[in-house]
Amino acid sequence: MTIRATGRTLPELFVSAAAGMFGVMVADPKTLNREGEFSRAVTVKAMDTESLLVEWLTELLGIVDLENVYLEKFKITELADSQLSAQVSGSQINSFSTE
């Protein structure tokens with residue numbers, strides 16, 4: 001499976017990568033067993049931009065695993081070479097199994 005992330009700006013690229021990752025995780029998000037809203041502030045740091053992208057996606061996967069959520073909205077509030085801050089939101093879900 002391949003994800004193609006594009007953006008005119010670095011924040012758009014990071015959002016596109018996150019949306020792409022979640023797009024391949026669930027074929028049709030409408031089929032998820034949603035239980036409520038979820039929102040969280042996220043901050044990650046890394047040595048360079050490439051590593052920051054990896055840390056960002058890894059952090060999002062960790063949130064999904066620990067909080068049992070499906071993330072759909074990603075708003076980058078700050079992005080520098082070595083730090084990213086964002087607000088992410090989506091839905092609490094019963095599981096990633098679909099009906």
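Treat the numbers as computed from the prediction; the structure is a model and nothing was measured. (Residues numbered from 1 in each chain as written. Predicted model: local features only at pLDDT ≥ 70, side-chain atom pairs only at ≥ 80, totals over all residues. Heavy atoms only, no water.)

Considerations on the overall build of the protein chain
At step 1: Scanning the protein chain for helices and strands turns up two helices and three strands.
At step 2: Each helix (α) and strand (β) of the protein chain, taken in turn from the N terminus, gives the series α-β-α-β-β.
At step 3: Here the protein chain holds 99 residues, and the buried ones make up 33% of them.
At step 4: Looking at the protein chain alone, contacts between residues at least 24 apart form 65% of all its contacts between residues at least 6 apart.
At step 5: For the protein chain, the accessible area works out to roughly 6100 Å², and carbon and sulfur atoms hold 49% of it. (Helix = DSSP H or I, 4+ residues; strand = E, 2+ residues; numbered from the N terminus. Buried < 20%, exposed > 50% of the residue type's maximum accessible area, 1.4 Å probe, protein only. Contact = heavy atoms within 4.5 Å. Areas by Shrake-Rupley, 256 points an atom, 1.4 Å probe, with all protein chains shown as cover.)

Digging into the pairing of strand S2 (residues 69-79)
At step 1: Relative to strand S3 (residues 83-93), S2 runs antiparallel, the two sharing nine bridges. In the sheet register, Leu 79 faces S3, and the bridge partner there is Leu 84. (Pairing = 2+ DSSP bridges.)

Overview of unusual backbone geometry
At step 1: For Asn 68, which is not glycine, the phi torsion reads 55° and is therefore positive.
At step 2: Relative to the assigned elements, Asn 68 resides in the loop between helix H2 (49-67) and S2.

A look at the packing of aromatic side chains
At step 1: In this structure the tally under the stated criterion is three aromatic pairs.
At step 2: Counting every residue linked through ring pairs, the aromatic cluster contains Phe 22, Trp 56, Tyr 70 and Phe 74. (Phe/Tyr/Trp six-rings, centres within 6.5 Å; stacked < 30°, edge-to-face > 60°.)

Quick word on H2
At step 1: Between its first and last C-alpha, H2 extends 27 Å over 19 residues, near the 27 Å set by a 1.5 Å rise per residue.
At step 2: Listing the buried residues of H2 in full gives Leu 52, Trp 56, Leu 57, Leu 60, Ile 63 and Val 64. Relative to the axis of H2, the buried residues are bounded by an arc of 135° and lie together on one face. Set apart from the buried face of H2 by more than 90 degrees, the exposed residues are Glu 50, Asp 65 and Leu 66. (Expected span 1.5 Å × (residues − 1). Arc of directions from axis to C-beta.)

Regarding the environment of Thr 43
At step 1: Here Thr 43 shows up in strand S1 (residues 34-45).
At step 2: For Thr 43, a relative accessible area of 47% corresponds to the partly exposed category.
At step 3: For Thr 43, the contacting residues outside a window of four places in its chain are Gln 83, Leu 84 and Ser 85.

Overview of the pairing of S3
When a strand is regular, its side chains alternate between the sheet's two faces.
At step 1: A large share of S3 lies buried, amounting to eight of its 11 residues.
At step 2: Between S2 and S3, which follow one another and run antiparallel, lie three residues.

Observations concerning the nonpolar core
Generally speaking, soluble globular proteins have nonpolar side chains that are buried together.
At step 1: Of all hydrophobic cores here, the largest spans 24 residues; its most connected members are Phe 22, Trp 56, Leu 60, Leu 71, Phe 74, Leu 84 and Val 88.
At step 2: Every element with two or more residues in this core is listed here: helix H1 (10-25), S1, H2, S2 and S3.
At step 3: Among the elements that take part in this core, H2 stands out by supplying six residues, more than any other.
At step 4: For Val 88, the residues in contact, after removing those within four places along its chain, are Phe 38, Ser 39, Arg 40, Val 42, Trp 56, Leu 60, Leu 71, Lys 73 and Phe 74. (Core = buried A, V, L, I, M, F, W, Y, C linked by side-chain atoms within 4.5 Å.)

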